[in-house]
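Topology and contacts: notes
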Amino acid sequence: MAENLIERWGFGASRMIELLSFPPVFRGFVSLLAAGLCFPLSGIFILRLNLLNLRFMLMHGVMLAGAIALSASLDPLLCALGINLFLVLLITSMSRRSDIPTGGLTTFFMVISVGVAMALIYKNQIPVQDTMNLLWGSIFALSQRDLFLLLFFCLVILLFVLFKYRQISAVLIDPETARTAGVNETLIFYLIMIFTGITIAFAMRLVGALLLDALVLLPAMTAVSFSRSLKSMFITASLSGFLYSLGGFLLALKVDLPVSSGVILVAGVCFGITYIVRLIYEKHN
């Protein structure tokens, strides 16, 4: 039995090495692990600042960017990054200079984004298959330039959290207190919003809109369930995201599934287990 197990794992390892020798698979693997490690940091931002509506709006913003890219033969990733940066800066500026709630603004721009995207798709007779690809994403469709951009962004957001942790924690806990304590709350908040917008754009490119939360939110939700400090939340979210990504990739290769489906299955099961463990722990304490 032990020999069969070793043989089975040996075959899996050799197959893994063989697949990683193909550049698209290698780029997808590296990008998924990097995203799994760093994207949950934005998930913490989303949960702590209650930016769930913003996340939906940014997802629709990426759809608009995809429609523009398909209509004008532009780069989809660069369009998505540009549109999301524009939207987060516009909404943040409008909400901070007026009494209009952020939720109302995000809903408005979400509807506008969908309307314009559908109009572009219809008028330019974009094929249905190309439209559906906007919702699914593909880690194996990343170019070498896309991979470098992703790795650079992951490094930047990681350094942002490491070197600005005190200011970030102050803003996430109480923006008003942070401002009175001398923290440049406006700058930190704008940076948080910018990083969130870029994260959503990259995540949709990697796993698509339908499975985005497995890479961004579920690791953050797992961290919130077990962490007692903001620092442990960031650490747990990153480690959880990395393990979900690695496990999802290996599962997908093992049972012949899309990688995005593998990630959501692993993330969903792990989050379910942590939720049950938390309920049991709270019941006995």
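What counts and what doesn't
Every chain's residues receive numbers from 1 upward, in the order its sequence appears when written. In view of the model being predicted, local features appear only for residues whose pLDDT reaches at least 70, and side-chain atom pairs are presented and counted only at 80 or more, with totals across whole chains, interfaces and linings using the full set of residues. Values reported for side chains reflect all heavy atoms of the structure, with hydrogen atoms and water molecules removed beforehand. Secondary structure elements follow DSSP: runs of H or I of four or more residues count as helices, runs of E of two or more count as strands, with numbering from the N terminus. As defined in this context, the radius of gyration uses C-alpha atoms, and a globule is described by 2.2 Å times the residue total to the power 0.38. Only protein chains enter the area calculation, which uses a 1.4 Å probe; residues under 20% of their type maximum are buried, those over 50% are exposed, and those in between are partly exposed. Here a residue-residue contact requires only that any non-hydrogen atoms of the pair lie within 4.5 Å. To be clear on the numbers: accessible area is Shrake-Rupley with a 1.4 Å probe, and residue cover counts the displayed protein chains and nothing else. All tallies of charge rest on Lys and Arg as positive and Asp and Glu as negative; His and the ends of each chain are not included. Working definition for charges: the position is that of NZ of Lys, CZ of Arg, CG of Asp or CD of Glu. Values of pLDDT, ranging from 0 to 100, describe the predictor's confidence in every residue of the model. The patches described consist of residues with a relative accessible area above 30% and no salt bridge, like charges being joined within 9 Å and nonpolar side chains (Val, Leu, Ile, Met, Phe, Trp, Tyr) within 5 Å. The working definition used for a salt bridge is a side-chain nitrogen of Lys or Arg within 4 Å of a carboxyl oxygen of Asp or Glu.

A look at the overall build of the chain
What the chain contains, in helices and strands, is 13 helices and zero strands. Counting helices and strands in the order they occur from the N terminus, the chain gives α-α-α-α-α-α-α-α-α-α-α-α-α. Over its C-alpha trace the chain gives a radius of gyration of 20 Å, about what one expects of a compact globule, namely 19 Å for 285 residues. The C-alpha extent of the chain, read off along each of the three principal axes, is 70 × 60 × 35 Å. Counting across all 285 residues of the chain, residues that qualify as buried make up 45%. Within the chain, contacts between residues at least 6 apart in sequence are counted, and of these 77% link residues at least 24 apart. If you sum the accessible surface of the chain, you get close to 14,700 Å²; carbon and sulfur atoms cover 69% of it. Here the chain contributes 18 positive and 13 negative side-chain charges, whose respective centroids are spaced 6 Å apart.

Regarding the confidence of the model for the chain
Scored by pLDDT, the chain has a mean of 85; 91% of the residues are at 70 or more. The secondary structure element of the chain with the lowest average pLDDT is helix 1 (residues 2-20), at 55, and the one with the highest is helix 7 (residues 144-163), at 94. Between residues 1-11, whose pLDDT stays under 50, and residues either more than four places distant or in other chains, the model counts one contact.

Remarks on the environment of Ile100
When you line up the elements, Ile100 lands in the loop between helix 4 (76-97) and helix 5 (102-123). Classification of Ile100 by relative accessible area gives partly exposed; the value is 41%. Once residues lying within four places of it in the same chain are set aside, the contact partners of Ile100 are Ser95 and Leu105.

Examining a nonpolar patch on the surface
A cluster of nonpolar residues, Leu155, Leu159, Leu162 and Phe163, forms a patch on the protein surface that exposes about 440 Å² of accessible area. Examined against the element boundaries, Leu162 turns out to sit in helix 7. Using a relative accessible area of 58% as the deciding quantity, one classes Leu162 as exposed.

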